[in-house]
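Secondary and tertiary structure notes
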Amino acid sequence: MIDETHIEALRSLLGVKGLLTAPADMAGYETGARYDSGRAAFVARPASTSEVSAVVAYCVKNGIALVPQSGNTGLVSGSTPDGSGTQGVLSLDRLVAPFELDPVNRTLAAGAGLRLSEVNRRLEEEGLFFPIDLGADPRLGGMLATNTGGSRFLRYGDVRRNTLGLTVVLADEAGTVLKLGSGLRKNNTGVDWKQLFIGTSGAFGVITECELNLEPVPRQVATAYLVPSAPERVSDLLVAMEQALGSYLSAFEGMSGNAITAALSHVPSLRNPFQSGVVPEFVILAEISRSSPSREGEQPLDAVLEEVLGAVFERADTLLADAFVGPPQEMWALRHALSEGVKHSGRLIAFDLSFRRGDIMRFLARMKAEMPKQFPDISICDFGHIGDGGVHFNLVVPAEDPRLADGGFEGRLREWVFKVAVEDFGGSYSAEHAIGRKNQVFYDLYTPEAIRRLAAGLREITSPGPLGSVNF
């Protein structure tokens, strides 16, 4: 707990709506998206950059730790307070202004508290969207702080690639406000400082506003489920599709049979699309798209996709066992249901990994061979972004498994998986979810000492106050 005088001072800065202290009001801010929870001293809800600056300055001067929180959809305990009751949550949920669209420049100046769904809903009539496709519905500030990727990274890239400018508040005694970048796509007049605040979990400062690159909404879309002839042929299939389709290919998503089965079991509205109801061991969801309207005489995208798949089937090296084109909305519904389905299958221990694209299936094969020996009776329900090397490596432990009562069990499991991923395959232990308290120990383990010193020095310069859940 913190002294009541601090509570009153913060309330005077933010008003009644801007500061929460009642346990019932704070509960949603103290509980994360997956199992993690803590206890907050208060929840500050500033409604402008100037209010963020005032709150941060006050807390730095008085040694009060703050944990910035965006949509609270993260999975690595990066946005929730610890259990001490001494940390305040700095919520972005009222930072919903500005919303200034420049359709000619294809940019949007936006408040960090806006949700992705709200942004795209308001852009829809202009035929534009922020091209980061996610199953969750985060706020922009959190997407920037974690450098979110998503299902269409293959076509549009990650948040970093689509961010042109930021407004940030530093955790110093002045609550310094910096405006970094602008709507310019080309500007080589010095260090691109905004990149320091993208993907670093809020440790260097709080993002309050952003200027984003927008893309035209695809007007033509075709999707297909692809069943590879064998898991080890997936990378060859990806290369073949890229060579045949070029920039048309907007998604190449991998889904394990276990993950699909979990989704079909949990979501009654989903239809089993596979022949005789038998779910294959591994399935690819491929999408191609055009942002232009269909033209007279132009081959429809469904026909383009069918023609390419026909040519792949005729190859002598046999990449495909089966494939079929289907309605995009229906096919994506299965992909987006995987997370919920897996989560309801037992106790979920989730990993967010990335590899060189050619190593993904080799890593999965290694895990399927060794998991029963190292940690028996755990189901592997993987899915992810094969086109960009990302894998959501989800492990489901039966809810009644006695190992769950062992406080060290999950740590030992994570240590083993990360050791194989990072040391044996040169992969990353966090492709999209950033660091957070869950990954702090692995940041400390796998980050070279020289890089850690540099990061700590940058933090001391930018935000020396107690900010965020990550210790650089």
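Read on for a plain summary of the structure. Predicted, not measured: the structure shown is a model, and the values here were computed from it. (Residues numbered from 1 in each chain as written. Predicted model: local features only at pLDDT ≥ 70, side-chain atom pairs only at ≥ 80, totals over all residues. Heavy atoms only, no water.)

Here we take up the pattern of salt bridges. For the coordinates displayed, the defined rule picks out 25 salt bridges. Ionic pairing is found between D317 and R315, a salt bridge with its closest N-O pair at 2.6 Å. Judged by its relative accessible area of 28%, D317 falls in the partly exposed class. The partner of R362 in a salt bridge is D359, and the shortest N-O contact between them spans 2.8 Å. A residue is classified by how much of its surface remains accessible, and R362, at 49% relative accessible area, is partly exposed. When salt bridges with common partners are traced through the structure, they connect R233, D236, R315 and D317 into a single cluster. (Salt bridge = Lys/Arg side-chain N within 4 Å of Asp/Glu carboxyl O. Buried < 20%, exposed > 50% of the residue type's maximum accessible area, 1.4 Å probe, protein only.)

To continue, consider the layout of surface pockets. Considered as a void within the structure, the second largest pocket measures approximately 510 Å³ in volume. Of all elements in the fold, only α4 (116–123), β14 (282–290) and α10 (328–343) reach the threshold of two or more residues within the lining of the second largest pocket. Counting residues per element, the lining of the second largest pocket draws most heavily on α10, at 4 residues. Of the residues that constitute the lining of the second largest pocket, the class distribution is 12 nonpolar, 5 polar and 4 charged. (1 Å grid on protein atoms, 1.4 Å probe; cavity = no way out; pocket = protein on both sides within 12 Å on 5 of 7 lines; lining within 4 Å. Points joined across faces, edges and corners; volume = space filled by probe spheres on them. Helix = DSSP H or I, 4+ residues; strand = E, 2+ residues; numbered from the N terminus. Nonpolar A, V, L, I, M, F, W, Y, C, P; charged D, E, K, R; others polar.)

Another point: empty space enclosed by the protein. Per the counting criterion, the structure on display carries 1 cavity of 30 Å³ or more. Of the pockets and cavities examined, the largest cavity occupies roughly 150 Å³. As for the largest cavity, its lining consists of 18 residues, and the residues nearest its centre are L75, V76, A350, F351 and R414. Looking at the lining of the largest cavity, the elements that each hand over two or more residues are β16 (347–354), α12 (409–424) and α13 (436–446). Ranked by the residues each element gives to the lining of the largest cavity, the list is headed by β16, at 6 residues.

What follows deals with unusual backbone geometry. In this chain, A97 is followed by P98 through a cis amide linkage whose omega measures 5 degrees. The phi angle at S77 is positive, at roughly 60 degrees, despite the residue not being glycine. Even without a glycine there, the phi angle at A434 is positive, about 70 degrees. Along the chain, A434 turns up in the loop between α12 and α13. The class of A434 is buried, set by a relative accessible area of 11%.

Our focus in this paragraph is the nonpolar core. Of all hydrophobic cores here, the largest spans 109 residues; its most connected members are F42, L226, M241, F363, F393 and L413. Looking at this core, the element that brings in the most residues is α12, giving 8 residues. If we skip the residues at most four places from it in the chain, L226 touches L237, M241, F252, F282, V283, I284, A286, L309, L320, D322 and A323. Residues A251, A259, L334 and L338 belong to the second largest nonpolar core, which totals 24 residues. (Core = buried A, V, L, I, M, F, W, Y, C linked by side-chain atoms within 4.5 Å. Contact = heavy atoms within 4.5 Å.)

We now examine the sheet that holds strand β4 (residues 87–91). Read from one edge to the other, the open sheet built from 4 strands follows the order β1-β2-β4-β3, with strand pairing classed as mixed. Looking at strand neighbours, the two that pair on one side only are β1 (19–20) and β3 (66–69), the edges of this open sheet. In this fold helix α2 (residues 23–30) packs onto β1, β2 (40–44), β3 and β4, with an angle of close to 85 degrees to the strand it touches most, β2. (Pairing = 2+ DSSP bridges. Axes fitted to C-alpha atoms, helices over the stretch in contact; angles between N-to-C directions.)

With that settled, the discussion passes to the packing of aromatic side chains. Each aromatic ring pair is described using two quantities: the centre-to-centre distance and the angle formed by the ring planes. For the structure shown, the criterion picks out 18 aromatic pairs. Seen in terms of ring centroids, F274 and F324 are 6.2 Å apart; in terms of plane orientation they differ by 75 degrees. Their pairing is edge-to-face. Remark: F324 occurs in strand β15 (residues 320–326) and F274 occurs in the loop between α8 (257–266) and β14; sequence separation between them is 50 residues. Judged by relative accessible area, F274 falls into the buried class, the value being 6%. Ring geometry for F355 against F425: centres 6.2 Å apart, planes inclined by 85 degrees, an arrangement best described as edge-to-face. Placement of F355 in the loop between β16 and α11 (360–374) and of F425 in the loop between α12 and α13 is noted, with a sequence separation of 70 residues between them. Each member of the pair, F355 together with F425, is buried. Grouped by ring-pair contacts, the aromatic residues F351, F355, F363, F393, F418, F425, Y429, F442 and Y446 constitute a single cluster. Here the guanidinium or amino end of R152 rests over the ring plane of W332, the centre of that ring lying 4.4 Å away. Above the face of the F351 ring, R414 is positioned so that its terminal group lies 4.9 Å from the ring centre. (Phe/Tyr/Trp six-rings, centres within 6.5 Å; stacked < 30°, edge-to-face > 60°. Lys NZ or Arg CZ within 6 Å of the ring centre and 35° of its normal.)

Buried within α2 we find M26, Y29 and E30. Axial view of α2: buried residues confined to an arc of 95 degrees, hence all on one face. Exposed side of α2, more than 90 degrees from the buried face: A24 and G28 are the residues found there. On its buried face, α2 sits against β1, β2, β3 and β4. (Arc of directions from axis to C-beta.)

Strand order in the open sheet formed by 5 strands is β5-β6-β10-β8-β9, with antiparallel pairing between adjacent strands. At either margin of the open sheet sits one strand with a lone partner, and together these are β5 (99–102) and β9 (177–181). Along the sheet, successive strands turn relative to each other by an average axial angle of 10 degrees, direction set aside. Examined bridge by bridge, strand β8 (residues 163–169) and strand β10 (residues 206–213) share 6 bridges and lie antiparallel to one another. Directly across from T163, in β10, lies its bridge partner L212. In the packing of helix α3 (residues 49–61) onto the sheet, the strands contacted are β8, β9 and β10, and the crossing angle to β8 comes to about 45 degrees. In the packing of α4 onto the sheet, the strands contacted are β5 and β6 (107–111), and the crossing angle to β5 comes to about 45 degrees.

Take it as geometry only, folks, not as evidence of what the structure does.
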